[in-house]
Amino acid sequence: MFIVTPQGVIATDPISLRRPAKPYIDAIQAVTKAPIKYVVYSHSHFDHIAGGQPFKDLGATFVAQRNAKERIQALKPADVVVPDQVVDDKRVITLGGTTLELLYVGKNHSDSMLVMRLPKEKIIFTVDWIPIQGVQFRGMADTYVPDIEDGMKKVIAMDWETLIPGHPGPGGKQTGNKDNAREDLAYLQDLSAAVKQEVAQGKSYDEAIKDISLPKYAAWPNYKNFLPMNIERYYDFWNRGI
């Protein structure tokens with residue numbers, strides 16, 4: 001997502017190590033010649049925030065949640081620009097008559113995820129953890145359970161209509177709605193309950209993976225491939241408390 005105003009542009013994740021920033025900058029400059037004033041990181045994962053130096057060279061100010069900056073400074077990835085400014089729980093950027101809220105709702109997919117909300121336009125941008133009809137990615141690396149469910153409840157309670165999730169859904173769909181967020185929460189709750197029951201019965205990882213199916217979500221992309229790994233993540237939570 002990028003936001004165009006008469007006084008400048010607010011861009012988000014520079015994209016990734018594997019895709020250079022120039023096409024993103026070209027896309028912005030095809031829409032407006034206004035300067036790129038800000039780049040806001042969604043969270044600390046390098047596949048979304050690497051490669052931002054061309055934005056920095058244009059004079060952009062980089063913003064991220066405080067935990068993201070601390071993580072970047074600790075690991076020192078060569079191709080990630082260190083944020084200039086940080087967000088704790090909330091920050092509001094006002095530029096050219098447009099208001100963008102940067103909201104931290106706690107740990108979910110990382111401990112540094114920002115929900116970016118355009119209150120007037122009723123749009124939110126938050127990546128990776130609230131997909132459009134999608135199970136969670138692989139083994140849910142760096143995902144906090146059950147905090148992710150609490151975070152989804154907070155997002156659903158916000159005033160918005162359109163979700164930009166950072167990854168396309170089925171058929172390349174780029175935007176979703178609050179029903180999609182509710183479906184994602186229901187998936188996690190159903191998964192959690194099913195795994196909890198297996199653990200209570202003394203079942204092993206392999207037995208839980210064999211026993212559990214969630215046919216309600218079987219048509220979602222990557223259901224077959226990622227469900228076993230999602231089960232294992234919740235098994236660790238219910239069996240080991242991690």
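Scroll up to find the structure.
These notes cover the structure that comes with them. Quick caveat: nothing in here was measured; it's all calculated off a predicted structure. (Residues numbered from 1 in each chain as written. Predicted model: local features only at pLDDT ≥ 70, side-chain atom pairs only at ≥ 80, totals over all residues. Heavy atoms only, no water.)

**Notes on the overall build of the protein**
We apply this condition: In this description a helix means any DSSP run of H or I spanning at least four residues, a strand means any run of E spanning at least two, and both kinds are numbered starting from the N terminus. Here the globule rule reads 2.2 Å times residues to the power 0.38, and the radius of gyration is calculated from C-alpha atoms. For each residue, the accessible area found with a 1.4 Å probe, counting protein chains only, is set against the maximum for its type, and the residue is called buried under 20%, exposed over 50%, and partly exposed in between. Only the protein chains shown count as covering a residue, and every accessible area follows the Shrake-Rupley method with a 1.4 Å probe. Positive charges come from Lys and Arg, negative ones from Asp and Glu, while His and the chain ends are left out of the count. Note on charges: their place is set at NZ of Lys, CZ of Arg, CG of Asp or CD of Glu.
Helix and strand counts for the protein stand at eight helices and ten strands. A globule of 242 residues ought to have a C-alpha radius of gyration of about 18 Å, and the protein, at 19 Å, matches this closely. Judged by the C-alpha coordinates and their principal axes, the protein covers about 60 × 35 × 30 Å. When each of the 242 residues of the protein is scored for burial, the buried share is 50%. Only carbon and sulfur atoms are counted for the fraction: they give 50% of the accessible area of the protein, which is about 11,500 Å². Side chains of the protein give 29 positive and 29 negative charges; the mean places of these two sets differ by 3 Å.

**Brief notes about the sheet that holds strand β3 (residues 36-40)**
Let me state the cut-off plainly: The rule for pairing is simple: two strands pair if DSSP sees at least two bridges between them. As a rule, the C-alpha atoms of each element are fitted with a line to give its axis, helices using only the stretch in contact, and angles between N-to-C directions run from 0 to 180 degrees. When checking whether two residues touch, look at their non-hydrogen atoms; a contact exists if any pair is within 4.5 Å.
Strand order across the open sheet formed by five strands is β1-β2-β3-β4-β5, with mixed pairing between neighbours. The sheet terminates laterally at β1 (2-5) and β5 (85-87), the two strands that pair on one side only. Averaged over all pairs of adjacent strands, the angle between strand axes in this sheet comes to 20 degrees, irrespective of strand direction. Bridge analysis of β3 against strand β4 (residues 61-65) gives three bridges, and the strand direction is parallel. Paired with valine 39 across the bridge in β4 is phenylalanine 62. Of the strands in this sheet, β1, β2 (8-11) and β3 are in contact with helix α1 (residues 22-31), which crosses β1 at around 30 degrees. The sheet contacts of helix α4 (residues 66-75) involve β4 and β5, and relative to β4 the element is tilted by about 105 degrees.

**A few points about the sheet that holds strand β9 (residues 123-125)**
Overall, mixed pairing links the five strands, which are arranged β6-β7-β8-β9-β10 in an open sheet. Edge positions in the open sheet fall to β6 (90-95) and β10 (162-164), since each of these has one partner strand only. Averaged over neighbouring strand pairs, the angle between their axes works out to 20 degrees when direction is ignored. Two elements, strand β8 (residues 115-118) and β9, share three bridges in a ladder whose sense is antiparallel. Among the inter-strand pairings, methionine 116 is bridged to a residue of β9, identified as phenylalanine 125.

**Quick word on the packing of helix α6 (residues 178-200) against helix α8 (residues 223-240)**
Put simply, the rule is: When an angle is under 35 degrees it counts as roughly parallel; over 145 it counts as roughly antiparallel; between 65 and 115 it counts as roughly perpendicular; any other value is oblique. By convention the crossing between two helices is left-handed if the near helix lies anticlockwise of the far one by an angle smaller than a right angle, and right-handed if it lies clockwise.
The geometry of α6 relative to α8 is characterised by a closest axis approach of 9 Å and an angle of 60 degrees between their N-to-C directions. Judged by the inter-axis angle, α6 sits oblique to α8. Two packed elements cross with a definite hand, and for α6 against α8 that hand is right-handed. Residue-level contacts link Tyr187, Leu188, Leu191, Ser192, Val195, Lys196 and Val199 of α6 to Leu227, Asn230, Ile231, Tyr234, Tyr235, Trp238 and Asn239 of α8.

**Some points on the pattern of salt bridges**
Pairing is possible between side chains that carry opposite charge, provided their charged atoms lie close to one another. For the record, the criterion: Take a side-chain nitrogen of Lys or Arg and a carboxyl oxygen of Asp or Glu: if they are within 4 Å of each other, that pair is a salt bridge.
Within this structure, the stated rule accounts for nine salt bridges. A salt bridge links lysine 122 to aspartate 159; the nearest nitrogen and oxygen atoms lie 2.7 Å apart. Here lysine 122, found in the loop between β8 and β9, pairs with aspartate 159, found in the loop between α5 (147-157) and β10; they are 37 residues apart in sequence, far enough to count as distant. Among the ionic pairs, lysine 203 bridges to glutamate 198, the shortest N-O distance being 3.8 Å. A relative accessible area of 9% means that glutamate 198 is categorised as buried. What you see here is one network of salt bridges that share partners, running through Glu198, Lys203 and Asp211.

**Regarding α6**
Going by this rule: Helix span, as expected, comes to 1.5 Å for every residue beyond the first. In protein, a polar contact requires one atom able to donate a hydrogen and another able to accept it; more generally it is a pair of N or O atoms within 3.5 Å, and residues adjacent in sequence count only if both atoms are side-chain atoms.
Its 23 residues place the ends of α6 33 Å apart at the C-alpha level, agreeing with the 33 Å of an ideal helix rising 1.5 Å per residue. One side-chain oxygen of the residue at the start of α6 lies 3.0 Å from the amide nitrogen of aspartate 179, identifying that residue as asparagine 177. Count one or two residues on from α6 and you reach glycine 202, which has phi positive near 75 degrees.

**Concerning the nonpolar core**
Definition in use: For this analysis, a nonpolar core means a set of buried residues of the types Ala, Val, Leu, Ile, Met, Phe, Trp, Tyr and Cys, connected via side-chain atoms within 4.5 Å.
Membership of the largest hydrophobic core comes to 38 residues, with the highest contact counts inside it found for Trp129 and Tyr187. At the level of elements, α5, α6 and α8 are the ones that each hand at least two residues to this core. Counting residues per element, this core draws most heavily on α6, at nine residues. Other than its neighbours up to four places away in sequence, tyrosine 187 contacts Val135, Gln136, Leu214, Tyr217, Trp220, Leu227 and Asn230. Grouped together as the second largest cluster of nonpolar side chains are 19 residues, Ala11, Ala50, Ala68 and Ile72 included.

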